[in-house]
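# Fold and contact review
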Amino acid sequence: MSLEDQLAFDRENIWHPYTSLLDPLPVYPVESASGTRIRLADGRELIDGMSSWWAVIHGYNHPVLNRALLEQTQKAAHVMFGGLTHEPAVELARLLIQLTPAGLDKVFFSDSGSVAVEVALKMALQYQQSRGKASKNRFLSLKRGYHGDTFGAMSVCDPDTGMHRLFSGFLPQNLFAPAPECAFEHECTPECFHEIEELISTHRRKLAALILEPVVQGAGGMRIYSPKYLAGLRRLCTNYDILLIADEIATGFGRTGKMFACEHASISPDILCLGKALTGGYMSQAATLCTSEVAETICRGNPGVFMHGPTFMANPLACSVALASIGLLKDSNWKDRVLKIQEQLRSELAPADDLPDVRRVRTLGAIGVLEMESRVPTAGLQRMFVREGVWIRPFLNLIYIMPPYVIQPGDLSRLTSAMLKAAREIRNLL
Ligand SMILES: *Cc1c(COP(=O)(O)O)cnc(C)c1O
């Protein structure tokens, strides 16, 4: 099929994320990707600012990850996980238990982030049921949170920017606390917790768990909040006997400058969701970890098992490439790299603070965000970025990047200059 025919077919027949098939946004055909470069079919090369949605932390087409996949293909691309097990799954689970905050030592593998969240919610519900607290069957989450697109996950996403209204007759009814307002450096006083503590205390008999994205709220608004606030919420959960679910699908594996964002607050959740960068962006895989207390309580109850089992659970290819990706991360000086990216983002995005259309600049680890005063024209900005030779995909009122950790300073400067240019010229695009 010619390139034109491919694009026409794509426009006519294939859904892209959150788009119309009557009036789709333009898409750019990719020929290949290598390191921090995405090569388009017309030969243009774009510097990657997105890590393909937090996932591709080591860059594209990485020889070590390629080899891990190829070698596993020679052994077994897939076997069912019911009644069978394999070394890649065992080694990966061992590594995840070692790497994640203390106390999380039971692992459930699934095939995407949203499913990992469904699994976490289910674990919390089965846990409460097993201890004779079946009425604890609602969740509390934070406004501006994002936890995925499946129904359980949607029901704990931000009630205004999420899809609650669209599916209101079908979605489980949960509770929402105000979005965290304390900035990263904020020390937090008892007042910070007043509203959420009231909510928790009023509804504690029906709350199974609090679910949140630790320190960085991603797709719900790219907001960064104080680790002190997170630590306070951990204490509240313990005091009021509700579980804490940390969704580290976006923040995990070094993105915020710590291996996991929970480490900023030195806390352990009861349940932890991982995904996105787990396989270095090679395959769709996710994991939900929980404490022995949660796992054993579930299994002592009725029906005595945890009720979930995806077809591609612990897929050997995905486990092998995840092992290789985490190996690469551990052997690299990722912390230095991410902190250097953070420094450079802070200094190069600082001038945006003075631009009239920029409301706020936010940076943490390898995340740089310009929050604009109003919604940005995605298609127009996209064209501008491609002309500038960079791949940055804005949404809502956010122009943001989270580049692969291997990005070189010169390339990062091209990303930040393009962001500043966009912020300066946005009026002409509206
Ligand atoms: C992306 C994301 C999800 C959903 O993961 P999918 O793999 O897209 O299903 C859930 N939670 C957070 C915090 C995410 O960033």
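Since we're looking at a predicted model, the values are computed, not measured.

### Quick look at the pairing of strand 1 (residues 30-34)
For strand 1 and strand 2 (residues 37-40), the ladder comprises four bridges, and the chain directions are antiparallel. Pairing of Ser34 across the sheet is with Arg37, part of strand 2.

### Section: the pattern of salt bridges
If you walk through the whole model with that rule in mind, you get 18 salt bridges. With a closest N to O distance of 3.3 Å, Glu181 and Arg223 form a salt bridge. Placement of Glu181 in the loop between strand 6 (175-177) and helix 7 (194-203) and of Arg223 in strand 9 (residues 223-224) is noted, with a sequence separation of 42 residues between them. Overall, the relative accessible area of 10% leaves Arg223 in the buried class. Between Arg362 and Glu371 there is a salt bridge; the shortest N-O distance is 2.6 Å. Given a relative accessible area of 8%, Glu371 falls into the buried group. Bridged by salt links that share partners, the residues Glu31, Arg37, Arg39, Glu45 and Asp411 form one connected network.

### Section: the domain arrangement of the chain
What the domain assignment reports for the chain is domain 1 (3-61 + 333-429) and domain 2 (75-331). One C-alpha centre belongs to domain 1, the other to domain 2; they are set 27 Å apart. The interface is formed by 26 residues belonging to domain 1 together with 31 residues belonging to domain 2. Taking both partners together, domain 1 and domain 2 bury about 2,500 Å²; carbon and sulfur atoms supply 66% of that area. Summed over the three residues of domain 1 that lose the most area to domain 2, namely Trp54, Trp334 and Leu364, the buried surface amounts to 31% of that side. The tally of links from domain 1 across to domain 2 stands at 10 residue pairs in polar contact (both at pLDDT 80 or more). Within the residue set of the side of domain 1 that touches domain 2, elements represented by two or more residues are helix 2 (51-54), helix 11 (334-349), strand 13 (358-364), strand 14 (367-372) and strand 16 (398-401). Across the side of domain 1 that touches domain 2, the residue classes tally to 18 nonpolar, six polar and two charged.

### Focus: the sheet that holds strand 5 (residues 138-142)
The strand order across the open sheet formed by seven strands is 4-12-11-10-7-5-6, and the pairing between neighbours is mixed. The sheet terminates laterally at strand 4 (104-110) and strand 6, the two strands that pair on one side only. Each strand axis lies, on average, 20 degrees off the axis of its neighbour in the sheet, ignoring direction. In this sheet, strand 10 (residues 243-247) lies alongside strand 7 (residues 207-212) in parallel orientation, the contact comprising four bridges. Bridging from a neighbouring strand, Ile211 pairs with Ile245 of strand 10. Packed onto the sheet, helix 7 meets strand 5, strand 6 and strand 7 and runs at close to 155 degrees relative to strand 6. Along the sheet face, helix 9 (residues 292-300) touches strand 4, strand 10, strand 11 (271-274) and strand 12 (286-291) and points at about 90 degrees away from the line of strand 12.

### Description of the side chain of Thr291
Counting through the fold element by element, Thr291 comes out in strand 12. The class of Thr291 is buried, set by a relative accessible area of 13%.

### Some words on the environment of Gln128
Checked against the element boundaries, Gln128 lands in helix 5 (residues 113-130). A sequence separation of 125 residues divides Gln128 from Leu3, and the C-alpha atoms of the two residues are 54 Å apart. Polar side-chain contacts of Gln128 include one of 2.6 Å to the side chain of Arg131.

### Remarks on the packing of aromatic side chains
Using the criterion set out here, one finds eight aromatic pairs in the structure. Arranged with centres 5.5 Å apart and planes meeting at 80 degrees, the rings of Phe395 and Tyr400 form a pair that is edge-to-face. The exposure class assigned to Phe395 is partly exposed, which follows from its relative accessible area of 22%. You can call Tyr400 buried: its relative accessible area is 4%. One aromatic cluster is present, formed by Phe151, Phe167 and Phe170 through successive ring pairs.

### A closer look at the packing of helix 5 against helix 9
Look at helix 5 against helix 9: their axes get within 8 Å of each other, and the N-to-C directions meet at 60 degrees. Of the two possible hands of crossing, helix 5 and helix 9 adopt the one that is left-handed. In this structure, helix 5 uses Met123, Gln126, Tyr127 and Ser130 to contact helix 9, whose residues at the interface are Glu293, Val294, Thr297 and Ile298.

### As for the site of the ligand
Around the ligand sit Ser112, Gly113, Ser114, Tyr146, His147, Gly148, Glu213, Asp247, Ile249, Ala250 and Lys276, and those are all the residues in its vicinity. Contacts to the ligand include Lys276, whose side-chain N or O atom sits 2.6 Å from an oxygen atom. In isolation the ligand has 380 Å² of accessible area, and contact with the protein removes 83% of it. Taken together, the residues that form the shell around the ligand break down as three nonpolar, five polar and three charged.

### Remarks on the environment of Asn333
With respect to the helices and strands, Asn333 occurs in the loop between helix 10 (316-331) and helix 11. C-alpha of Asn333 to C-alpha of Tyr405: the two residues are 72 residues apart in sequence and 9.8 Å apart in space.

### Re unusual backbone geometry
Residue Pro303 follows Asn302 across a cis peptide bond; omega there is 10 degrees. Mapped onto the fold, Pro303 is located in the loop between helix 9 and helix 10. A positive phi is found at Ser52, a non-glycine position, where the angle reads about 45 degrees. For Ser52, the location among the structural elements is in helix 2. Accessibility expressed as a relative area gives 40% for Ser52, which makes it partly exposed. In this structure, Lys276 is a non-glycine residue whose phi angle is positive, near 35 degrees.

The rules behind these values
Residues numbered from 1 in each chain as written. Predicted model: local features only at pLDDT ≥ 70, side-chain atom pairs only at ≥ 80, totals over all residues. Heavy atoms only, no water. Pairing = 2+ DSSP bridges. Helix = DSSP H or I, 4+ residues; strand = E, 2+ residues; numbered from the N terminus. Salt bridge = Lys/Arg side-chain N within 4 Å of Asp/Glu carboxyl O. Buried < 20%, exposed > 50% of the residue type's maximum accessible area, 1.4 Å probe, protein only. Domains from an automatic or database assignment. Contact = heavy atoms within 4.5 Å. Buried area = accessible area lost by both parts, 1.4 Å probe. Polar contact = N/O pair within 3.5 Å; in protein donor to acceptor, adjacent residues only side chain to side chain. Nonpolar A, V, L, I, M, F, W, Y, C, P; charged D, E, K, R; others polar. Axes fitted to C-alpha atoms, helices over the stretch in contact; angles between N-to-C directions. Phe/Tyr/Trp six-rings, centres within 6.5 Å; stacked < 30°, edge-to-face > 60°. Left-handed = near helix turned anticlockwise from the far one by under 90°. Near = heavy atom within 4 Å. Areas by Shrake-Rupley, 256 points an atom, 1.4 Å probe, with all protein chains shown as cover.

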